[in-house]
Amino acid sequence: MKHWAIWLPLALFGLLFVVFASGLIAPGDRTIASQMIGKPLPDFDLPQAVPDRPALAKADFTGGKPKLLNVFASWCVPCIAEAPVLAELAKAGVEIDGVAIRDRTADVQQFLARNGNPYTRIGRDDVSKIQFDLGSSGVPETFVINGKGIITYQHIGEIRADQVPMILQKLKEAQ
């Protein structure tokens, strides 16, 4: 009986090793599927975030043309990294509307002056209501909205340059 107890710690270590190794070799899918895909945008009518861009409302997404809805903030570091990519998308003719989350007008203006302004319209969401209604968990997040106001794709995190073709494809599919 004592002989068996000596090997018990080694057996437990071996079992833990196998469990951890299997998790590293074949990790589980931790992708969070959006519950909003295929659903209409929630109702909203946000005030202007900056004086030189119009306010933003749900009605702005029902004009027949697919658009991007980008949720961002001036205090968001990944939003700074994403800014040049959004500028390139806008230069390519993609219409991008923005929602500034929990931000002040002066801070948003400074952010746009430093990083460029690819937005057609920018609404201000002081309490993150529209952010939560969209199912957005953080910033930045970008949604592809078809011309009828239906969410067709949700991109969590910043859009990187290598993801631009995929975003353009999602916009094309939304037509």
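A. Representation of the pairing of strand β3 (residues 67-72) in the model. Of all six residues making up β3, six are buried, and the element is well covered by its neighbours. Alternating positions in β3 separate into two faces, Lys67, Leu69 and Val71 on one and Leu68, Asn70 and Phe72 on the other, with burial throughout. With five bridges connecting them, β3 and strand β6 (residues 141-145) associate as antiparallel partners. Opposite leucine 69, over in β6, you have phenylalanine 143 as the bridge partner. With five bridges connecting them, β3 and strand β4 (residues 96-101) associate as parallel partners. What sits directly across from phenylalanine 72, in β4, is alanine 100. For the crossover that starts at β3, traverses helix α2 (residues 77-91) and ends in the parallel β4, the hand is right-handed.

B. Main features of the pairing of β6. Across the five residues of β6, five count as buried, placing the element largely inside the fold. Because side chains alternate across β6, one face comprises the buried residues Glu141, Phe143 and Ile145, and the other comprises Thr142 and Val144, equally buried. Sheet topology note: the β6/strand β7 (residues 151-156) ladder contains five bridges and is antiparallel. For isoleucine 145, the partnering residue across the bridge sits in β7 and is isoleucine 151. A loop of five residues connects β6 with β7, the two strands running antiparallel in sequence, and glycine 149 in this loop sits at a positive phi of about 85°.

C. Fine view of the sheet that holds β6. Taken in spatial order, the five strands line up as β5-β4-β3-β6-β7 in an open sheet, and their pairing is mixed. On the outer flanks of this sheet lie β5 (119-125) and β7, each paired with one strand and no other. With direction set aside, neighbouring strand axes in the sheet form an average angle of 20°. Sheet contacts for α2: β3, β4, β5 and β6; angle to β3, the most-contacted strand, approximately 165°. Where helix α5 (residues 164-173) meets the sheet, its contacts fall on β3, β6 and β7, and the angle it forms with β7 comes to roughly 165°.

D. Examining the packing of aromatic side chains more closely. Throughout the structure, instances matching the rule amount to three aromatic pairs. Judged by centre distance (5.7 Å) and plane angle (25°), the ring pair of phenylalanine 72 and phenylalanine 111 falls under stacked. Here phenylalanine 111 lies in helix α3 (residues 105-115) and phenylalanine 72 lies in strand β3, a separation of 39 residues in the sequence. For phenylalanine 72, a relative accessible area of 0% puts it in the buried group. Seen from their ring centres, phenylalanine 72 and tyrosine 119 are 4.8 Å apart, and the 10° between their planes marks the pair as stacked. Placement of the pair is phenylalanine 72 in strand β3 and tyrosine 119 in strand β5, with a sequence separation of 47 residues. By the burial criterion, phenylalanine 72 is buried, and tyrosine 119 matches it. Three or more aromatic residues link up through ring pairs in this structure, and these residues are Phe72, Phe111 and Tyr119.

E. Spatial organisation of the environment of leucine 68. Structurally, leucine 68 can be placed in strand β3. A C-alpha to C-alpha distance of 9.5 Å links leucine 68 and tyrosine 153, two positions 85 residues apart in sequence. When neighbours within four sequence positions are excluded, leucine 68 is seen to be in contact with Phe61, Leu89, Val94, Glu95, Ile96, Asp97, Thr142, Phe143, Val144, Ile167 and Leu171.

Reading guide: rules and limits
All residue numbers refer to position in the chain's written sequence, counted from 1. It should be noted that, the model being predicted, local features are given only for residues of pLDDT at least 70 and side-chain atom pairs only at 80 or more, the latter also being counted only at that level, while totals for whole chains, interfaces and linings use all residues. Side-chain measures here rest on the full set of heavy atoms in the structure, leaving out hydrogens and waters. Partly exposed residues are those whose accessible area sits between 20% and 50% of the maximum for their type, while under 20% is buried and over 50% is exposed, using a 1.4 Å probe and protein chains only. Under the DSSP-based scheme used, a helix requires at least four consecutive residues in state H or I and a strand at least two consecutive residues in state E, with every element numbered from the N terminus. Strands were regarded as paired on the criterion that DSSP finds at least two bridges between them. Clockwise travel from the first strand over the helix to the second, with the strands pointing away from the viewer, marks a crossover as right-handed. All axes here are fitted lines through C-alpha atoms, helices being fitted over the stretch that makes contact, and every angle between N-to-C directions spans 0 to 180 degrees. We call two residues in contact when some of their heavy atoms are within 4.5 Å. For this analysis, a ring pair means two rings from Phe, Tyr or Trp (six-membered ring only for Trp) whose centres lie within 6.5 Å, classed as stacked if their planes differ by under 30 degrees, edge-to-face if by over 60, and tilted for the remaining angles.

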